[in-house]
Amino acid sequence: MFLGGFTTFALLYATQPILPRLAADFGVAPTTASLSVSLGTAALALMLLPASVLSDRYGRQRLMKASLALATVIAFATAIAADFGQLLVLRMLMGAVLAGLPASAMAWLGEEIAPSAQGRAMGLYIAGNALGGMSGRFLVAGLTDWSSWRIAAAALGVLGLVATLVFWRCLPPSHRFRARAALPSRVFGDIATLLADSGLRRLFAIAFLMMGAFTSLYNYLGFRLHAAPFSLGQTAIGAVFLLYMVGTLSSAWTGRLVDRIGRRALLWIMILACGAGLAIALVEHLAAIVAGVAVFTFGYFGAHTTASGWVGRRSGERRALATALYLCSYYLGASIIGTLSGLAWEFAAWPGVTAALILCAALALLCAWQLRTLQPVAQPPAFTPAA
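Computed from a prediction, not measured in an experiment: that's the story for all the values here. (Residues numbered from 1 in each chain as written. Predicted model: local features only at pLDDT ≥ 70, side-chain atom pairs only at ≥ 80, totals over all residues. Heavy atoms only, no water.)

Caption draft 1: Seen up close, helix α5 (residues 60-78). With 19 residues, α5 extends 27 Å from end C-alpha to end C-alpha; this agrees with the ideal 27 Å at 1.5 Å per step. When we look at burial in α5, the residues that qualify are R60, Q61, L63, M64, K65, S67, L68, A71, T72, I74, A75 and T78. The elements touched by buried residues of α5 are α1 (2-12), α4 (35-58), α6 (84-98), α7 (100-112), α9 (149-170) and α16 (319-371). (Helix = DSSP H or I, 4+ residues; strand = E, 2+ residues; numbered from the N terminus. Expected span 1.5 Å × (residues − 1). Buried < 20%, exposed > 50% of the residue type's maximum accessible area, 1.4 Å probe, protein only. Contact = heavy atoms within 4.5 Å.)

In structure tokens, the structure reads:
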């Protein structure tokens, strides 16, 4: 599952560190170039609910394996896109087929892992997301500087192929999956039940706001560092994405901490750390920018690990659909806020982006603060090992 998360984020965010290069090569504005990220995340968000229904009906493993295989094919096709329009279409298809893995992964972990270890397991899975996002971005940035973005896209295809083969071979079989009928009335009834829960609504809002802020930060960080007075090249900009290692450590550490002190005490602290990171990154010095982005990344992955595990824990037998709603909010935030913050960049450069993202963090903090008094749901039956 670590490997599945790794590959998903490596493929989904591959164009983020080379947005300035794409804008120059295709002659488009920064906001338009950011669509190569935003359209992929939007397509993923829109496909999460259908994918969760398929997951409930046909099984988590089938869908996750098919998702990685199709995404690998599209990664190779991206390398030969004739124009920016074709690139956008392929990036949309990439997001759509990748939806099968996150729509199933958290439900698989919730079913197959003992409740006492779910925080750690979720932390490890999300650590894979962070490491994949970092590695994919750094690989693409470095290869683009060395050769071209097309060579970088082909290299990602190779990475996806290797990861897919290992995932297919090594994922343990499901023991506790029970198929559920994919009836529209049941699906809409379950959605209504989940949205009636005020705690889940706030967790979905946090996902939307924080993922939007996170994507926006890294979308326009490259433009800031590419411009004077920093004037960094693609490889140097790509190296900034090594800060995702902080997210990997944060996810694993937070997963263990959740099991010890609880989600209510941890979520708002992590969001507060994100706001502090944004403030630090306002300073016009490269070291301060790197430090601020590191603090934000640590807080963001800690908040995501805490909130996503909470959704799975709170939603019971509807966890696949609840996960899909959480991730739909998550990726819609990446798409909508990630694109609209480009207007803030064009209007007021980095201070404008920072103001928009601090507003997002403040709203998320309000939701997290309200969750401190949320009434817990009934605990699930005791976990017993499969025969």
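Caption draft 2: Local environment of the packing of α4 against α5. For the pair α4 and α5, the least separation of the axes is 7 Å and the interaxial angle reads 130°. Regarding the angle of α4 to α5, the classification is oblique. The residues of α5 that touch α4, namely those facing A51, L54, S55, D56 and Y58, are R60, R62 and L63. Along the lines of polarity and charge, the residues of the contact of α4 with α5 split into four nonpolar, one polar and three charged. (Axes fitted to C-alpha atoms, helices over the stretch in contact; angles between N-to-C directions. Parallel < 35°, antiparallel > 145°, perpendicular 65-115°, else oblique. Nonpolar A, V, L, I, M, F, W, Y, C, P; charged D, E, K, R; others polar.)

Caption draft 3: Highlighting the pattern of salt bridges. Using the criterion set out here, one finds four salt bridges in the structure. Here D145 ties to R21 by a salt bridge, and the two come within 3.8 Å at their closest N and O atoms. Taken together, the positions of D145 in helix α8 (residues 118-146) and R21 in helix α2 (residues 19-26) put the pair 124 residues apart, joining distant regions of the chain. Classification of D145 as partly exposed rests on a relative accessible area of 37%. With its nearest N and O atoms 2.9 Å apart, the salt bridge here joins D197 to R314. (Salt bridge = Lys/Arg side-chain N within 4 Å of Asp/Glu carboxyl O.)

Caption draft 4: Looking closely at the environment of L70. Structurally, the position occupied by L70 is in helix α5. Take L70: its relative accessible area is 47%, and that puts it in the partly exposed class. The spacing of L70 and G160 is 90 residues in sequence and 9.8 Å in space, taken between C-alpha atoms.

Caption draft 5: Quick look at the nonpolar core. Within the largest apolar cluster, 119 residues are counted, with the highest numbers of intra-cluster contacts made by L267 and Y331. If you tally residues by element for this core, the top one is α16, at 21 residues. What Y331 contacts, discounting residues up to four positions off in sequence, is F9, L12, Y13, T41, A42, L44, A45, L48 and M211. (Core = buried A, V, L, I, M, F, W, Y, C linked by side-chain atoms within 4.5 Å.)

Caption draft 6: Quick look at the packing of α4 against α16. Their axes nearest at 8 Å, the elements α4 and α16 cross at an angle of 170°. Compared by their axis directions, α4 and α16 come out roughly antiparallel. Residues L35, S38, T41, A42, L44, A45, L48, L49, S52 and D56 of α4 pack against A320, L321, A324, L325, L327, C328, Y331, L332, A334, S335, G338 and T339 of α16.

Caption draft 7: Expanded view of the state of the cysteines. Inspection of the entire model under this criterion finds zero disulfides. Note on C367: no disulfide assigned, nearest cysteine sulfur contributed by C360 at a separation of 11 Å. (Disulfide = S-S within 2.5 Å.)

Caption draft 8: Examining a nonpolar patch on the surface more closely. There is a patch of nonpolar side chains on the surface, built from F76, V158, L161, V162, L165 and V166 and spanning about 510 Å² of accessible area. The greatest single-element share of the nonpolar patch, amounting to five residues, is contributed by α9. By secondary structure assignment, the location of F76 is in helix α5. Accessibility expressed as a relative area gives 35% for F76, which makes it partly exposed. (Patch = residues over 30% accessible without salt bridge, like charges linked within 9 Å, V, L, I, M, F, W, Y side chains within 5 Å. Areas by Shrake-Rupley, 256 points an atom, 1.4 Å probe, with all protein chains shown as cover.)

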